[in-house]
Amino acid sequence: AIPDFYKFAKSTGAGVALMPNAKGFYPEDDEQFMGTYWGMVSSPNVCEVVESSDCYIYVGPVFNDYTTTGYSTLVKKEKMIQILPDRVKTPVAEFGCVYMAEFLKLLTDSGKLERKPKSLQTFQRIHVDIPPTPRFQPETPLSTRALVKIVQSTLNDNSAVLVETGDSWFNGQKLHLPRGVPYEFQMQYGSIGWSVGALLGMALGFRGSRRCVAMIGDGSFQMTAQEISTMIRYQVNPIIFLLNNRGYTIEVEIHDGPYNNTKNWDYKMLVDAFAAKEGKCRSFLCNTVGETEEAVKYAMENEDQMVFLECTLDRDDCSKELLEWGTRVASANGRPPAIVGNY
């Protein structure tokens with residue numbers, strides 16, 4: 001239904017915002033694209049436009065505590081139309097056996113849609129571009145902010161992006177995707193450790209056509225690290241950024257405790273052990289911006305190899321969006337039960 005949604009959006013002239021788990025479904029260089037809508041951790045100025053609109057049309061939404069930032073969004077059901085895979089919901093009625101792609105196509109082709117550009121005009125009026133990230137000196141200790149800029153430099157028309165559950169969720173949203181670049185992450189269940197096995201499948205599926213770029217946290221990596229061995233065996237060529245901050249940072253922001261600390265590994269050496277001097281694989285330990293840039297340079301010059309970068313980050317280094325999101329999700333998770341007593 002993605003092509004049908006694009007034609008539908010173009011016919012309305014309205015501003016287009018994507019929920020976080022839909023990143024990559026709409027071209028980010030399109031004039032109607034506003035950014036990510038994710039409540040208080042949305043792209044700049046997107047939340048204000050979406051939540052103040054007279055009507056919102058959601059196509060294929062999934063509403064849970066993660067996508068709504070702890071159920072703190074201000075959208076109202078009485079102003080919402082939902083176009084779901086097999087039904088359409090309006091404030092006054094629900095219509096079953098209505099299929100998304102078919103409905104969007106027929107609606108667009110009907111010639112009855114009025115152009116509604118006001119939301120886009122509002123966004124364009126209030127939006128201020130984010131200043132570019134400054135250039136960091138090579139000896140600067142690596143930070144999340146610097147790393148996102150470096151990851152961005154690896155992306156081109158033949159890339160595919162995958163991010164793990166955690167702060168990579170939020171850092172990934174800041175990446176600008178070239179048109180047509182796939183983007184995958186797991187938000188429905190927040191499955192920590194999902195990405196390593198998923199990266200294996202993604203790299204095999206895109207072999208010869210796209211190169212995968214992955215951002216994976218250390219805690220998540222420890223759950224499924226052995227799939228790196230399989231990647232080396234089948235000679236796939238992803239670029240893997242392993243964000244090592246020695247713990248489950250996203251869990252720290254939701255509910256801190258000693259159980260969020262992990263036993264640190266020598267991740268670079270682990271990958272070398274998996275390779276056992278066989279296969280096309282190179283690993284790097286990156287403590288500074290300069291070391292990371294040199295590793296990326298090697299990766300871009302050796303497209304047939306898997307390149308693994310262990311990126312050392314400060315224990316408390318995380319995005320401002322995670323701080324906001326974690327606080328709100330923690331509040332939602334800690335609310336008293338709606339029903340008390342015996343069940």
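Check the entry above for the structure.
Values in this document were obtained by computation on a predicted structure and should not be read as measured data.

(A) Spatial organisation of helix H13 (residues 320-333). An ideal rise of 1.5 Å per residue puts 20 Å on 14 residues; H13 measures up with 20 Å between its terminal C-alpha atoms. Inspection of H13 places Glu321, Leu322, Trp325, Gly326, Val329 and Ala332 among the buried residues, and these make up the whole buried set. Along H13, the residues classed as buried sweep out an arc of 125° about the axis, all on the same side. Exposed and facing more than 90 degrees away from the buried side of H13 are Lys320, Thr327 and Ser331.

(B) Region of interest: helix H11 (residues 267-275). Every buried residue belonging to H11 is among Tyr267, Val271 and Ala275, and all of these are buried. Along the axis of H11, the buried residues cluster in a sector spanning 85°; they form a single face. Across from the buried face of H11, at angles greater than 90 degrees, the exposed residues are Met269 and Ala273. Following H11 by one or two positions, Ala276 adopts a phi angle in the positive range, close to 50°.

(C) Quick look at the packing of helix H1 (residues 2-12) against helix H3 (residues 100-109). Viewed as axis vectors pointing N to C, H1 and H3 meet at an angle of 30°, and their least axial separation amounts to 9 Å. Overall, the two elements H1 and H3 adopt an arrangement that is roughly parallel. Remark: the crossing between H1 and H3 carries left-handed chirality. Every residue of H3 that contacts H1 at Asp4, Phe5, Lys7, Phe8 and Ser11 is listed here: Ala101, Leu104, Lys105, Leu107 and Thr108. Each residue belonging to the contact of H1 with H3 can be placed in one class, and the counts come to five nonpolar, two polar and three charged.

(D) Up close: the nonpolar core. Counting residues in hydrophobic clusters, the biggest one holds 40 residues, and the most contacted among them are Leu142, Val161, Trp169, Phe241, Leu309 and Trp325. Looking at which element gives the most residues to this core, the answer is helix H5 (residues 144-153), with five residues. Apart from residues lying up to four places away in sequence, Phe241 is in contact with Leu147, Ile150, Val151, Thr154, Val213, Ala214, Met215, Ile216, Val296, Leu309 and Cys311. Judged by nonpolar contacts, the second largest core, of 24 residues, contains Val196, Cys212, Ala225 and Met231.

Rules of the game
Residues numbered from 1 in each chain as written. Predicted model: local features only at pLDDT ≥ 70, side-chain atom pairs only at ≥ 80, totals over all residues. Heavy atoms only, no water. Helix = DSSP H or I, 4+ residues; strand = E, 2+ residues; numbered from the N terminus. Expected span 1.5 Å × (residues − 1). Buried < 20%, exposed > 50% of the residue type's maximum accessible area, 1.4 Å probe, protein only. Arc of directions from axis to C-beta. Axes fitted to C-alpha atoms, helices over the stretch in contact; angles between N-to-C directions. Parallel < 35°, antiparallel > 145°, perpendicular 65-115°, else oblique. Left-handed = near helix turned anticlockwise from the far one by under 90°. Contact = heavy atoms within 4.5 Å. Nonpolar A, V, L, I, M, F, W, Y, C, P; charged D, E, K, R; others polar. Core = buried A, V, L, I, M, F, W, Y, C linked by side-chain atoms within 4.5 Å.

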